[in-house]
Amino acid sequence: MSSFNALEKIIFKKGVFEDLSNFAKNYQKIAILTSKTPKKLYISALIGFLNEKNINFFTCEFNSEIADHENIIKAASKCQGCDLIISFGAGKVTDLSKLVAKSLKIPFVVVPSTISHFGYFTNYAYKTNALTTEKVACDYPLKVFIDENIIKSSPDNFIFSTCCFIFSFYETIFSELIKNQMFASDNSYQINALKRILNKTEGLLNWLSLNKNVAILNLMDNLIELFSIVNSLDCDIPQIEIASMPQVDNINLNFGKRTLIYTASLLNIYLSFWGSKNICYKNIPDYENILKILQKNGKNSDFFENFVNKYQNVTSNEFFFKAKMIKPRLHAELILLQTKLSKVCKRLMNLYTKNEPRMLNECNFYDNISYIAISSNCFQLNSLMRLGYLNFA
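Residues numbered from 1 in each chain as written. Predicted model: local features only at pLDDT ≥ 70, side-chain atom pairs only at ≥ 80, totals over all residues. Heavy atoms only, no water.

**Student:** Just checking my understanding: could you explain the overall build of the protein for this structure?
**Tutor:** When its secondary structure is counted, the protein shows 18 helices and 10 strands. Out of the 393 residues in the protein, the part that is buried amounts to 53%. In the protein, the proportion of contacts linking residues at least 24 apart, taken out of those at least 6 apart, comes to 79%. Counting only carbon and sulfur atoms, one obtains 48% of the accessible surface of the protein, whose full area is about 17800 Å². (Helix = DSSP H or I, 4+ residues; strand = E, 2+ residues; numbered from the N terminus. Buried < 20%, exposed > 50% of the residue type's maximum accessible area, 1.4 Å probe, protein only. Contact = heavy atoms within 4.5 Å. Areas by Shrake-Rupley, 256 points an atom, 1.4 Å probe, with all protein chains shown as cover.)

Here it is as structure tokens:
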């Protein structure tokens with residue numbers, strides 16, 4: 001599957017199990033992959049609808065105590081002969097279900113058990129162990145069935161994480177501004193759409209304390225709209241990529257809060273980059289060192305060549321002239337985004353916790369991530385400076 005149209009693929013309503021059972025009756029044997037909590041709270045209701053349609057199915061519970069690859073092997077063994085997987089759970093269940101479906105080459109649908117991030121809709125999954133995280137290309141889900149009543153029951157920590165996740169896209173706004181100003185990309189629609197979604201989400205923060213049920217449903221709408229916009233962008237999202245890496249700067253927080261912390265840190269790094277006074281040439285970068293970094297993180301030489309070809313003009317006079325011209329505008333826009341992010345962080349902390357989000361040590365941050373392999377335009381420009389392409393003095 002090459003695309004995911006949210007209007008066609010996402011069903012977001014009350015009583016969505018009936019829609020799911022009507023969809024599932026077209027398949028011969030179905031595996032429901034889930035975890036302990038959704039199995040306890042919701043599976044019995046789904047089973048009732050499936051039994052009414054005489055659908056052949058069974059359930060398989062992932063074990064949170066064992067490694068991802070063990071869960072995948074065990075589930076794939078049980079799912080032999082199935083022609084559809086129903087993923088019923090939160091982010092980890094969705095990732096594991098995608099990987100099981102990929103290994104068996106069968107389609108899958110997703111039923112979120114709580115509000116979370118937009119991993120429910122994506123065509124990739126993260127496979128982790130104690131030392132590494134692998135981003136694996138998968139198919140998009142055939143459908144995503146979101147039940148309003150289930151989403152309204154989302155725990156506070158998931159609501160907080162989702163809010164943090166959405167606000168982390170201040171980095172994406174600035175990255176797209178870089179693309180627009182430096183590389184003349186026609187992405188004004190995406191930039192304005194991202195700003196609108198973040199503004200709407202900020203407006204929901206008061207409602208989360210006043211009318212939680214309504215606010216959560218609107219928050220889910222914002223998440224779906226955010227995915228539709230981000231899915232149209234030609235780049236990875238660095239705060240997501242970094243937050244998915246294990247043991248980055250020893251920040252053991254929920255995923256959404258990690259993305260927000262990394263966005264705050266990235267914007268701080270960009271400020272030193274675009275707030276500097278002069279731009280000048282540096283030495284030829286150490287290509288062998290860059291290639292080692294890429295290969296260590298699963299990137300081949302083709303990725304390296306594509307990267308160099310894309311940015312081969314960054315040492316040209318045209319690039320430096322353009323950078324000097326737009327630097328004051330980008331610097332002012334960055335300060336504005338930082339101010340908005342700081343305001344949002346304080347409101348989130350007041351709503352859910354009294355702890356301020358941590359900032360990262362910049363040197364440790366770069367020591368811990370394979371930054372050259374992350375394709376945020378702004379993040380790459382800053383990385384180019386560190387690798388010897390540019391010098392903003």
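**Student:** Explain the packing of helix 5 (residues 68-78) against helix 6 (residues 91-104) to me, please; I cannot follow it from the model alone.
**Tutor:** For any two helices packed against each other, the geometry comes down to the angle between their axes and how far apart the axes lie. Packing of helix 5 against helix 6 brings their axes to within 9 Å, and their N-to-C directions diverge by 55°. Judged by the inter-axis angle, helix 5 sits oblique to helix 6. Crossing of helix 5 over helix 6 shows right-handed handedness. Here Asp68, Asn71, Ile72, Ala75 and Ala76 of helix 5 come into contact with helix 6, specifically with Lys92, Leu96, Leu99, Val100, Ser103 and Leu104. In the contact of helix 5 with helix 6, the residues fall into 7 nonpolar, 2 polar and 2 charged. (Axes fitted to C-alpha atoms, helices over the stretch in contact; angles between N-to-C directions. Parallel < 35°, antiparallel > 145°, perpendicular 65-115°, else oblique. Left-handed = near helix turned anticlockwise from the far one by under 90°. Nonpolar A, V, L, I, M, F, W, Y, C, P; charged D, E, K, R; others polar.)

**Student:** Honestly, the environment of Leu198 in this entry has me stumped. Any pointers?
**Tutor:** Relative to the assigned elements, Leu198 resides in helix 10 (residues 188-210). Beyond its immediate sequence surroundings of up to four residues, Leu198 is in contact with Ile166, Phe167, Phe169, Tyr170 and Ile173.

**Student:** Would you take a moment to explain the packing of helix 9 (residues 170-183) against helix 10 for this structure?
**Tutor:** In the contact formed by helix 9 and helix 10, the axes pass within 9 Å of each other and the chain directions differ by 160°. Here helix 9 lies roughly antiparallel to helix 10, going by the angle between them. Once helix 9 is placed against helix 10, the crossing between them reads as left-handed. Every residue of helix 10 that contacts helix 9 at Tyr170, Thr172, Ile173, Glu176, Leu177 and Asn180 is listed here: Ser188, Ile191, Leu194, Lys195, Leu198 and Glu202. Across the contact of helix 9 with helix 10, the residue classes tally to 6 nonpolar, 3 polar and 3 charged.

**Student:** Looking at this structure, I do not really get the pairing of strand 8 (residues 144-147). What am I missing?
**Tutor:** Across a regular strand the side chains alternate sides, sitting on one face of the sheet and then on the other. Because side chains alternate across strand 8, one face comprises the buried residues Val144 and Ile146, and the other comprises Phe145 and Asp147, equally buried. Where strand 1 (residues 10-13) and strand 8 come together, 4 bridges link them in parallel fashion. From the neighbouring strand, Lys13 faces strand 8, where its bridge partner is Asp147. (Pairing = 2+ DSSP bridges.)

**Student:** Got a minute to help me understand helix 4 (residues 43-52) in this structure?
**Tutor:** Helical geometry: 3.6 residues make up each α-helical turn, so side chains three or four residues apart lie on a common side. For helix 4, the full list of buried residues reads Ile43, Leu46 and Leu50. For helix 4, the angular spread of the buried residues around the axis is 65°, confining them to a single face. Facing away from the buried side of helix 4, by more than 90 degrees, are the exposed residues Ser44 and Glu52. Looking at the buried residues of helix 4, the elements they touch are helix 2 (16-24), strand 2 (30-34), helix 3 (36-41), strand 3 (57-61) and strand 4 (84-89). A positive backbone phi angle near 55° is found at Asn54, which sits one or two residues after helix 4. (Arc of directions from axis to C-beta.)

**Student:** Quick question: what am I supposed to make of the nonpolar core here?
**Tutor:** Across soluble globular proteins, nonpolar side chains have a tendency to be buried as a group. If you look at the biggest cluster of nonpolar residues, it comprises 95 residues, and the most contacted ones within it are Val100, Phe118, Phe121, Phe174 and Leu348. A total of 11 residues in this core trace back to one element, the largest contributor, which is helix 11 (residues 212-230). Residues Val16, Phe17, Phe57 and Val109 belong to the second largest nonpolar core, which totals 21 residues. (Core = buried A, V, L, I, M, F, W, Y, C linked by side-chain atoms within 4.5 Å.)

**Student:** How should the pattern of salt bridges be read in this particular structure?
**Tutor:** Side-chain pairs of opposite charge can arise whenever the charged atoms involved come near each other. In this structure the tally under the stated criterion is 11 salt bridges. Among the ionic pairs, Lys39 bridges to Glu61, the shortest N-O distance being 3.5 Å. In this pair, Lys39 is assigned in helix 3 and Glu61 in strand 3, connecting sequence segments 22 residues apart. With a relative accessible area of 36%, Lys39 lands in the partly exposed category. Given the relative accessible area of 37%, Glu61 is considered partly exposed. For Glu225, the salt bridge is made with Lys200, and the minimal N-O distance between the two is 2.8 Å. Here the residue Glu225 occupies a position in helix 11, and Lys200 occupies one in helix 10, the gap between them amounting to 25 residues. Since its relative accessible area comes to 37%, Lys200 is described here as partly exposed. (Salt bridge = Lys/Arg side-chain N within 4 Å of Asp/Glu carboxyl O.)

**Student:** Where do I start with the packing of aromatic side chains in this structure?
**Tutor:** Given two aromatic rings, one states the distance between the centres and the angle between the planes to describe the pair. As enumerated under the stated definition, the model contains 17 aromatic pairs in all. A centroid spacing of 6.3 Å and a plane angle of 70° characterise the contact between Tyr120 and Phe121, whose relative ring orientation is edge-to-face. The exposure class of Tyr120 is buried, given its relative accessible area of 1%. Linked through ring pairs, Phe4, Phe118, Tyr120, Phe121, Tyr140, Phe165, Phe169, Phe227 and Phe255 together constitute an aromatic cluster. It is Lys98 that lies over the ring of Tyr124; its NZ or CZ is 5.9 Å from the centre. Over the face of the ring belonging to Tyr124 we find Lys135, whose NZ or CZ atom lies 4.2 Å from the ring centre. (Phe/Tyr/Trp six-rings, centres within 6.5 Å; stacked < 30°, edge-to-face > 60°. Lys NZ or Arg CZ within 6 Å of the ring centre and 35° of its normal.)

**Student:** So what exactly am I meant to see when it comes to helix 9 here?
**Tutor:** Given a rise of 1.5 Å per residue, 14 residues ought to cover 20 Å, and the 19 Å separating the end C-alpha atoms of helix 9 matches this to within 8%. Of the residues making up helix 9, those classed as buried are Tyr170, Glu171, Thr172, Ile173, Phe174, Ser175, Glu176, Leu177, Ile178, Lys179, Asn180 and Met182. Of the residues flanking the end of helix 9, it is Ala184, one or two places downstream, whose phi is positive at about 55°. (Expected span 1.5 Å × (residues − 1).)

**Student:** What is the right way to read the environment of Cys235 from this model?
**Tutor:** Note that Cys235 resides in the loop between helix 11 and helix 12 (238-243). Expressed as a C-alpha distance, the spacing of Cys235 and Glu176, which sit 59 residues apart in the sequence, is 9.6 Å.

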